[in-house]
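Here is how the chains run, residue by residue.
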Amino acid sequence: MAAARVLLSGRPESVSFAQSVCGLLGAGPGLGPWPTYCGFKRGQLVLSDRPFPGASARLPLQQPRAPGAELPTNRGVDLAVAVVLQSSDQTVLLTRRTRTLNVSPNLWVPPGGHVEPDEELLDGGLRELWEESGLQLPQGQFFWVPLGLWESAYPPRLSWGLPKYHHIILYLLVISQESQQQLQARIHPNPREVSALMWLGPDVAAAAAATEDGTDTPRRLPQDLPPSVLQEMSFCSAVELEENGGARPLVLPTSTLLRTTPATADSKERVSTGTKFALRLWLQHLGR
């Protein structure tokens, strides 16, 4: 088996692919989130429902609806890191995954991916940010805080098929001292993984987070929500990659950001459920 990535404090073995991390931590019914103590190690995440030596953060852990099906037991739960990159003018970067990817095609997500076995978690997130967007952040011009944890299964619903991937995603908020314009000028997206990118301000992010899958009641949407995300808008901008390697302004209907996970498999463009959870945590960090 591959090196353990997600461990529970006091247990030497990694969590099995077929086990719910939230369930093992004693999470009750519902979607959460549940406060979880975390220890960050090279290529590993150690979790517990109570304080333990080495725990350095207490983060909200949330999961989508549990698969509730027979799953493989000879695999572990993998670890991924996603970077919620905030500019100095309080916008965050999302990228749209290409349609050709096997996992979560055509979804809007923060840059992120797998952590290597001997990699520090922040280093893994910054590497993924560079691999997907071409952005390298100068040392001393950013700081970071862990935002939260998301237990992810893909496909996301049993009606789509049995889960083939099981991750804990650690969302890191990386706050740059550079403006959106300065960061955007250095972005060179990887066309094999990214088909478009956009910067979201708090108001549009709040609208997307308000339609998070599984919430008991829809959160209130702003009355002045624009009908589309326009390149000229100061609070949000979007560009789409062209086949010749260039980029063009993308007019993205705001309704696209409000879509939830459909009951049957499709590749319609939308913001992933975990991303909506991360946006909600980002807004809480801003005090909104």
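For the structure itself, consult the block above.
All figures in this text were calculated on a predicted structure; none of them were measured in a lab.

Undergrad: Could you clarify how one ought to interpret the packing of aromatic side chains in this entry?
TA: To describe a pair of aromatic rings, one takes the distance between the centres and the angle between the planes. The full count for this structure, using the stated rule, is one aromatic pair. Residues tryptophan 150 and phenylalanine 277 carry aromatic rings whose centres are separated by 5.5 Å and whose planes lie at 40° to one another, so their mutual orientation is tilted. Note that tryptophan 150 is positioned in strand E9 (residues 142-154) and phenylalanine 277 in helix H6 (residues 273-286), a separation of 127 residues in sequence. An identical accessibility class is assigned to tryptophan 150 and phenylalanine 277; each is buried.

Undergrad: Looking at this structure, how should I read the environment of leucine 172?
TA: By the secondary structure assignment, leucine 172 is in strand E10 (residues 165-176). Taking the relative accessible area as the measure of exposure, leucine 172 reaches 1% and is therefore buried. For the pair formed by leucine 172 and tryptophan 144, sequence separation is 28 residues and the distance between their alpha carbons is 6.8 Å. Residues within four places of leucine 172 in sequence aside, it is in contact with Val81, Ala82, Val83, Val84, Leu121, Leu122, Trp144, Val145, Pro146 and Leu147.

Undergrad: Could you clarify how one ought to interpret helix H4 (residues 202-209) in this entry?
TA: Note: α-helices contain 3.6 residues per turn, so residues at a spacing of three or four share the same orientation. With six of eight residues buried, H4 lies mostly within the body of the structure. Listed as buried for H4 are Pro202, Val204, Ala205, Ala207, Ala208 and Ala209. The elements touched by buried residues of H4 are strand E11 (194-200), helix H5 (254-257) and H6.

What counts, and at which threshold
Residues numbered from 1 in each chain as written. Predicted model: local features only at pLDDT ≥ 70, side-chain atom pairs only at ≥ 80, totals over all residues. Heavy atoms only, no water. Phe/Tyr/Trp six-rings, centres within 6.5 Å; stacked < 30°, edge-to-face > 60°. Helix = DSSP H or I, 4+ residues; strand = E, 2+ residues; numbered from the N terminus. Buried < 20%, exposed > 50% of the residue type's maximum accessible area, 1.4 Å probe, protein only. Contact = heavy atoms within 4.5 Å.

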